[in-house]
Structure formats: structure tokens, C-alpha cells
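One letter stands for each residue in the lines below.
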Amino acid sequence: MDITDIFVIRRRCLFFIAKFFILEYIKCKIDDGSLLMKEDVMSKFVTFNDNKYMIQLQSILKSLKYYMKDDLSLEKVTTTGSFDGKYIGCQIMDGDQEIFFGISGDDEILLKIASVFARYEFDTFDEDAYDAICELINCVNGAMAVCLEDRDINCELKPPVFYCNISVSGRDSFCILDMKLKGLDFNIILAVDDGIIISR
């Protein structure tokens, strides 16, 4: 084992430790109500009336804001029946609800998201940057699962996966959040009980 291997193992251990403590912090904030976005704020962006999305959207936006700080902004929320993405990191939660959560963008913005989350400047989108994106997805969905559990909605997280050049389609319309981080655009994909299908 050389010094590079030791550095990689150390960084992954730090990811795990940070994930544990951050999830505990978010759980406390959700429990006391300070991490939830008001519905009247969400209504300025959401152009449809579907309460099944409100809790999930609140949790996602607050978690992302926590990790990305003030460099993150929500531009628009729309609905669609299909979405094509160059790169999509995603995770499925199933149980009382089937929830699909994904982060989509080009390599430049995903590299920036990974760097901001890991507090480490990645130069290339390598395995460590990929791991950082997957850990971010895990953390966001972990906070969402806690929030849903408090409302007697129990979901189990599946391992996050990463795709290139795929299409996401659903039985019904699902949410696309247009986001911006440090001037770069990316998308959040959220589907709840919409029978998501992933194809190339």
C-alpha cells in the first residue's frame, strides 16, 4: 500500500464520519422544525398542486442548502414525463413510497458539487469525485427518510448509482428542479410513486 492508497482510504473515512454527524444534525433540525421550508415559499416555485411532493422538496432543498451553503440557488421547478441527462447520479427509496432522487449535469458542475460537498478541490471526475456525489445523494435521501419516518412513511434506501447519457421517464409527471451552484447549472430529479424507468 503506497501513500496514495492511504490518502484515498483516509478521505473515504472522513466522508463516512462527516456523513454520520451531518445526518444527526439534520435529524435534530428536522425534529425541531427549523430545517423545513415553509409551504408559501415553495408555492412560489412549484407550478402544480400535489402535496405528495411537498415534504420531499422541502427536505431536499434544505439539505442541499446546508451542504452547498449560500452558493446554491433554486431557479425553477417544473414537471415533465421524461428527462435526458448527460450524467445522472441517482438513488431509489422504496417502501411506503417509491422515491427517485437524482442529480444531473455535465462533468464541470458535478465536479464542482463534489468539491463543495467534500471540502476538497477535485481536479478530475475520478472515482473519489464520484464517491462524493454518491455520498451527497445518500445524505440528502437519509435526511428525507428521517423526515418521512416522522410522518409514518417508511422507506428503505437502495445504493446510489451513476449513469451516462440516459433517459428518465415516468408513468406520470415528475419534478425537475433547475438549480445553480457558483454560476453553473444543474438539475435535481424527484419522482414519487411515478414508476420511473431508466433507459439509454
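Rules behind the numbers
- Residues numbered from 1 in each chain as written.
- Predicted model: local features only at pLDDT ≥ 70, side-chain atom pairs only at ≥ 80, totals over all residues.
- Heavy atoms only, no water.
- Helix = DSSP H or I, 4+ residues; strand = E, 2+ residues; numbered from the N terminus.
- Areas by Shrake-Rupley, 256 points an atom, 1.4 Å probe, with all protein chains shown as cover.
- Patch = residues over 30% accessible without salt bridge, like charges linked within 9 Å, V, L, I, M, F, W, Y side chains within 5 Å.
- Salt bridge = Lys/Arg side-chain N within 4 Å of Asp/Glu carboxyl O.
- Lys, Arg positive; Asp, Glu negative; His and termini not counted.
- Charge placed at Lys NZ, Arg CZ, Asp CG, Glu CD.
- Buried < 20%, exposed > 50% of the residue type's maximum accessible area, 1.4 Å probe, protein only.
- Expected span 1.5 Å × (residues − 1).
- Phe/Tyr/Trp six-rings, centres within 6.5 Å; stacked < 30°, edge-to-face > 60°.
- Lys NZ or Arg CZ within 6 Å of the ring centre and 35° of its normal.
- pLDDT = per-residue confidence, 0-100.
- Contact = heavy atoms within 4.5 Å.
- Axes fitted to C-alpha atoms, helices over the stretch in contact; angles between N-to-C directions.
- Parallel < 35°, antiparallel > 145°, perpendicular 65-115°, else oblique.
- Left-handed = near helix turned anticlockwise from the far one by under 90°.
- Nonpolar A, V, L, I, M, F, W, Y, C, P; charged D, E, K, R; others polar.

A. Looking closely at the overall build of the chain. Helix and strand content of the chain: 5 helices and 6 strands. The helix and strand sequence of the chain, counted from the amino end, reads α-α-α-β-β-α-α-β-β-β-β. As presented, the chain carries roughly 10,000 Å² of accessible surface, and 51% of it is formed by carbon and sulfur atoms.

B. Molecular detail of a negative patch on the surface. Taken together, the side chains of D96, E149, D150 and D152 make up a negatively charged region of the molecular surface. Relative to the helices and strands, D152 is located in the loop between helix 5 (127–149) and strand 3 (155–157).

C. Quick peek at the pattern of salt bridges. Using the criterion set out here, one finds 6 salt bridges in the structure. D178 is paired through a salt bridge with K76; the nearest N and O atoms lie 4.0 Å apart. Here K76 lies in strand 1 (residues 72–95) and D178 lies in strand 4 (residues 161–181), a separation of 102 residues in the sequence. Taking the relative accessible area as the measure of exposure, D178 reaches 22% and is therefore partly exposed. Residue classification places K76 among the partly exposed positions, given a relative accessible area of 43%. Note that K158 is salt-bridged to D94, the shortest N-O span being 3.7 Å. In this pair, K158 sits in the loop between strand 3 and strand 4 while D94 sits in strand 1, placing the two residues 64 residues apart along the sequence. On the accessibility criterion, D94 (27% relative accessible area) is partly exposed.

D. Focus on helix 4 (residues 107–118). The end-to-end C-alpha distance of helix 4, which contains 12 residues, comes to 16 Å, matching closely the 16 Å that a straight helix rising 1.5 Å per residue would cover. Burial of helix 4 is extensive: 9 of the 12 residues sit out of reach of the surface. Residues of helix 4 that are buried include every one of I109, L110, L111, I113, A114, S115, V116, F117 and A118, and no others. Positive backbone phi, at 55 degrees, marks R119, one or two positions downstream of helix 4.

E. Representation of the packing of aromatic side chains in the model. Counted by the stated rule, this structure contains 6 aromatic pairs. With a centroid separation of 6.4 Å and an interplanar angle of 35 degrees, the aromatic rings of Y87 and F162 are classed as tilted. Of this pair, Y87 sits in strand 1 while F162 sits in strand 4, and the two are 75 residues apart along the sequence. On the basis of an interplanar angle of 70 degrees and a centroid distance of 5.1 Å, the ring pair of Y120 and F122 is categorised as edge-to-face. When its relative accessible area of 33% is taken as the criterion, Y120 is described as partly exposed. Classification of F122 as buried rests on a relative accessible area of 5%. An aromatic cluster of three or more residues is present, and its members are Y87, F125, Y130 and F162. Cation over ring: K69 sits above Y66, and NZ or CZ is 4.6 Å from the ring centre.

F. Region of interest: the confidence of the model for the chain. Here the chain averages 79 in pLDDT, and 74% of its residues register 70 or above. Overall, residues 2–11 carries pLDDT values under 50, and its contacts beyond four positions in sequence, including any with other chains, amount to 7 contacts. Confidence drops under pLDDT 50 across residues 13–42; counting only partners more than four residues distant or on other chains, this segment forms 42 contacts.

G. Representation of the packing of helix 4 against helix 5. Taken N-terminus to C-terminus, the directions of helix 4 and helix 5 make an angle of 70 degrees; their axes are 9 Å apart at the nearest point. Classified by the interaxial angle, the pair formed by helix 4 and helix 5 is roughly perpendicular. The element helix 4 and its partner helix 5 pack so that their crossing is left-handed. Along its contact with helix 4, which presents L110, L111, I113, A114, F117 and A118, the element helix 5 presents A129, A132, I133, E135, L136 and C139. For the contact of helix 4 with helix 5, the residue count by class is 11 nonpolar, no polar and 1 charged.

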